[in-house]
Amino acid sequence: MIIIAGLGNPGAKYQGNRHNIGFMAADEIASRWSFGPERAKFQSVIREGEVQTANGAVRVLLMKPQTFMNESGRAVAEAARFYKVQPSEVIVFHDEIDLAPGRFRMKTGGGAAGQNGVRSLISQLGPDFRRARMGVGHPGEPQLVHGHVLSDFHKADRTWLEPMLNAVADALPFALAGDDDRYQAEVMRLAPAPKFSPRQAAQNAARDADRGE
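Note that the coordinates shown come from a computational prediction; the quantities given were computed from them, not determined experimentally.

Chemist: How should I be thinking about the sheet that holds strand S5 (residues 90-96) in this particular structure?
Modeler: The strands making up a sheet associate through backbone hydrogen bonding, with each pair oriented either parallel or antiparallel. Taken in spatial order, the 7 strands make up an open sheet running S2-S3-S4-S1-S5-S7-S6, and their pairing is mixed. Looking at which strands have only one partner, the edges of the open sheet turn out to be strand S2 (39-41) and strand S6 (104-108). This sheet shows a mean twist of 30° between the axes of neighbouring strands, independent of strand direction. Looking at chain direction, S2 and strand S3 (residues 44-53) are connected through 3 bridges and run antiparallel. Within S3, the position partnered with Arg 39 by the bridge is Ile 46.

Listed below in C-alpha cells is the structure:
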C-alpha cells in the first residue's frame, strides 16, 4: 500500500487556488488511473485503486484531507496508522513557492520551508515522507505570500499547469516503483517548465493585491 495525499483546502472558494494544486494533482491521478469512487474516511475524501508499475501492481490510497491545509497531518497520519505504512510509503503533493511556476521536484525528508501542510505532516509522521513539490512561484515579498497562494491561478498559468498535472499522473508508476529520480525527470520531460520571469511574477502579485487576494 502506498498513500498519496494531495494537499489543499476544502470548499468551492478555494478550488482554483494555487494552494490547492495538490488536490488538482490527486484528481488528475484518480482520473488517469481509473480509481474507485470517492468516499469519506480518515477526515478526507479518499479513493482507492491499483496502478501497474514495472514491479507489478501497486495498491494506492489517494487522499484529499478535509481538515484544511494547516491540519493535513492529522488526516494522513490516521490513514498511515490504519494501514501500518511507513513514512517512505507516503507521497505528498503540494504547492511550493520556492520553485518557479511549472517546476517539479521530488524530495524525501527535510524541513517544511514555510509550507504549513508539510509542517503538520512532519509533526505527525516525522520528516521522512516523500514530497512531490509543484512550483507555483514566489510573489517577491514575504508579506505577499499568503495572498499569492490563496489566490486563483491566472488563465496564463494554464499553459504550464495542465501539462504538469497530466505529467504527474502519466509518470506515476515510476514513483510507485520507488524511483523518485526517474519520476521527477519524466514529469519534467513531459511538461517542461516555462522560462521564469521575475517581472511577470511581480506583475501577477500586484494584480492579485489589486483584486484583494
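Chemist: Would you explain the packing of helix H5 (residues 158-170) against helix H7 (residues 180-190) in this entry?
Modeler: Relative orientation and spacing of two packed helices are given, respectively, by the angle between their axes and the distance between those axes. Closest axis-to-axis distance for the H5/H7 pair is 8 Å, and the angle between their directions is 140°. H7 is crossed by H5, and the crossing has right-handed handedness. Residues Ala 167, Val 168 and Asp 170 of H5 form the contact with H7, whose own contacting residues are Tyr 183, Val 187 and Leu 190. In the contact of H5 with H7, the residues fall into 5 nonpolar, no polar and 1 charged.

Chemist: Help me out: how do you make sense of the packing of aromatic side chains in this one?
Modeler: Remark: the centre distance and the inter-plane angle together describe each pair of aromatic rings, the angle taken between the planes. What the rule picks out here adds up to 6 aromatic pairs. Ring plane angle 85° and centroid distance 6.1 Å describe the contact between Tyr 14 and Phe 68, whose orientation is recorded as edge-to-face. Placement of Tyr 14 in the loop between strand S1 (2-6) and helix H1 (21-32) and of Phe 68 in the loop between strand S4 (56-65) and helix H2 (72-83) is noted, with a sequence separation of 54 residues between them. Given the relative accessible area of 40%, Phe 68 is considered partly exposed. Considering the side-chain rings of Phe 82 and Tyr 83, the 4.9 Å spacing of their centres and the 80° angle between planes classify their relative orientation as edge-to-face. Judged by its relative accessible area of 47%, Phe 82 is partly exposed. One aromatic cluster is present, built from ring pairs that chain together Phe 42, Phe 82 and Tyr 83.

Chemist: How should I be thinking about the side chain of Arg 130 in this particular structure?
Modeler: Along the chain, Arg 130 falls in strand S7 (residues 130-135). One polar contact links the side chain of Arg 130 to the main-chain carbonyl oxygen of Ser 88, over a distance of 3.3 Å. Here the side chain of Arg 130 touches Ala 175 through a polar contact of 2.7 Å, landing on its backbone oxygen.

Chemist: Explain the nonpolar core to me, please; I cannot follow it from the model alone.
Modeler: Core analysis: the largest hydrophobic core is formed by 40 residues, its most contacted members being Ile 4, Phe 93, Phe 104 and Tyr 183. With 7 residues, H5 is the largest single contributor of residues to this core. Excluding residues within four positions of it along the chain, Ile 4 makes contact with Ile 29, Val 60, Leu 61, Leu 62, Met 63, Ile 91, Phe 93, Leu 172 and Leu 176. Formed by 22 residues, the second largest nonpolar core is a distinct cluster that contains Ala 5, Met 69, Ala 75 and Leu 125.

The rules we used
- Residues numbered from 1 in each chain as written.
- Predicted model: local features only at pLDDT ≥ 70, side-chain atom pairs only at ≥ 80, totals over all residues.
- Heavy atoms only, no water.
- Pairing = 2+ DSSP bridges.
- Helix = DSSP H or I, 4+ residues; strand = E, 2+ residues; numbered from the N terminus.
- Axes fitted to C-alpha atoms, helices over the stretch in contact; angles between N-to-C directions.
- Left-handed = near helix turned anticlockwise from the far one by under 90°.
- Contact = heavy atoms within 4.5 Å.
- Nonpolar A, V, L, I, M, F, W, Y, C, P; charged D, E, K, R; others polar.
- Phe/Tyr/Trp six-rings, centres within 6.5 Å; stacked < 30°, edge-to-face > 60°.
- Buried < 20%, exposed > 50% of the residue type's maximum accessible area, 1.4 Å probe, protein only.
- Polar contact = N/O pair within 3.5 Å; in protein donor to acceptor, adjacent residues only side chain to side chain.
- Core = buried A, V, L, I, M, F, W, Y, C linked by side-chain atoms within 4.5 Å.

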